[in-house]
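Per-entry structural report
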Amino acid sequence: MPKFTVTGDVDPFLHVSMRQGETIYCESDAMVMMESTLDLKGKMRGGLGSALMRTFANGESFFQQHIEAARGDGDCLLSPTLPGAMQIVDCGPGGQYIISDGAFVAASSGVDLKVRTQSLGNALFAGSGGFFVTETQGSGQVVVSGFGSMSMLEVEPGKDAIIDNSHVVAWDSTLRYEVSITTGTSGGFLGNLINSQTSGEGIVLRFSGRGKIYVCSRNRAAFKAWMQAPAR
């Protein structure tokens, strides 16, 4: 299996070591450097329907980059679109993950990204792919990126995790999650909405069950709004 290694502390590269015959796929424009023993092709993984669904569901490019060690062993360097950390996640019988919009970087060929539907409330408010979300299937490794630093949280029964949806990168597919506009448990919809606006809390996701969640330190939408704000 290709070996993924995150190299560097600030805006790191994803270093991939491949043996002859191995293949990975990654987000469009992720490739920074590759050795001459490797081939790079643009493909619609899973066919036209799957490519369209992933584009709408998870903000991925229609064509993905497929890198194959065609003429011998070789290495390549990949990089995500936004500055920040990357995390290598193991997928297989031990667990699968749901990936937030724009977080996918690369995966070994044994991992597929499948689109599934989610509830109406989560589709409208969660910011995690509309009516569809992307879930890993198969066995291997997938690499996700977050804007800023990244941290892994463990959710346990009786200890729900409440996370601003803009900071969620990926989570264990067995976790239950629902949208809320408050971290409180009472106050009614109107009261919670007012509290959300006055506290600056915004939409949050409440995760329950047992599993892992990867979160990032920066809010992409908030940073974009700050950059576009007129100078004072």
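Read on for an overview of the structure. (Residues numbered from 1 in each chain as written. Predicted model: local features only at pLDDT ≥ 70, side-chain atom pairs only at ≥ 80, totals over all residues. Heavy atoms only, no water.)

Now for unusual backbone geometry. Negative phi characterises most residues that are not glycine, and trans characterises most peptide bonds. Look at Asp29: it is not a glycine, yet its phi comes out positive at around 70°. Considering the arrangement of structural elements, one finds Asp29 in the loop between β3 (23-26) and β4 (31-34). (Helix = DSSP H or I, 4+ residues; strand = E, 2+ residues; numbered from the N terminus.)

Another aspect to go through is the sheet that holds strand β18 (residues 204-208). Here three strands make up an open sheet; going across it, the order is β15-β18-β17 and the pairing antiparallel. Two strands bound the open sheet, and with one partner strand each, they are β15 (161-164) and β17 (176-180). When the angles between neighbouring strand axes are averaged without regard to direction, this sheet yields 25°. When β15 meets β18, the two strands line up antiparallel, connected through four bridges. Note that in β18 the partner of Ile162 across the bridge is Arg206. (Pairing = 2+ DSSP bridges. Axes fitted to C-alpha atoms, helices over the stretch in contact; angles between N-to-C directions.)

Next up on the list: the sheet that holds strand β7 (residues 74-78). Here four strands make up an open sheet; going across it, the order is β1-β2-β7-β4 and the pairing antiparallel. The open sheet has two edge strands, β1 (3-7) and β4, and neither has a second partner. Taken over all neighbouring pairs, the strand axes of this sheet differ in orientation by 20° on average, direction set aside. As defined by bridge partners, β1 adjoins strand β2 (residues 13-18) across five bridges and the pair is classed as antiparallel. Following the sheet pairing, Phe4 is matched in β2 by Val16.

Ranked by internal contacts, the top residues of the largest apolar core, which has 18 residues, are Val142, Val144 and Val169. Mapped by element, the contributors of at least two residues to this core are β8 (86-91), β9 (97-99), β10 (104-108), β11 (111-117), β13 (140-145), β16 (168-172) and β19 (211-216). Apart from residues lying up to four places away in sequence, Val144 is in contact with Ala85, Met86, Gln87, Val89, Ile99, Ala103, Val105, Met150, Val169 and Ala170. In terms of nonpolar packing, the next biggest core, distinct from the first, is built from 16 residues, Val16, Met18, Ile24 and Ile67 among them. (Core = buried A, V, L, I, M, F, W, Y, C linked by side-chain atoms within 4.5 Å. Buried < 20%, exposed > 50% of the residue type's maximum accessible area, 1.4 Å probe, protein only. Contact = heavy atoms within 4.5 Å.)

All right, on to the packing of aromatic side chains then. Summed over all chains, the structure comprises seven aromatic pairs. The rings of Phe147, Phe223 and Trp226 are connected pair by pair, giving a single aromatic cluster. (Phe/Tyr/Trp six-rings, centres within 6.5 Å; stacked < 30°, edge-to-face > 60°.)

All right, on to the environment of Met150 then. Note on placement: Met150 falls in strand β14 (residues 150-155). Separated by 66 residues in sequence, Met150 and Cys216 have C-alpha atoms that sit 4.3 Å apart. Contact partners of Met150, with chain neighbours within four places excluded, come to Ala85, Met86, Gln87, Val144, Ser145, Val169, Tyr214, Val215 and Cys216.

The subject of this paragraph is the side chain of Thr136. For Thr136, the position within the fold is in strand β12 (residues 132-138). Among the polar contacts listed, one links the side chain of Thr136 to the side chain of Gln96, at a separation of 2.7 Å. Not counting residues up to four positions away in its chain, the partners in contact with Thr136 are Cys91, Gln96, Tyr97, Ile99, Val111, Asp112, Leu113 and Val142. (Polar contact = N/O pair within 3.5 Å; in protein donor to acceptor, adjacent residues only side chain to side chain.)

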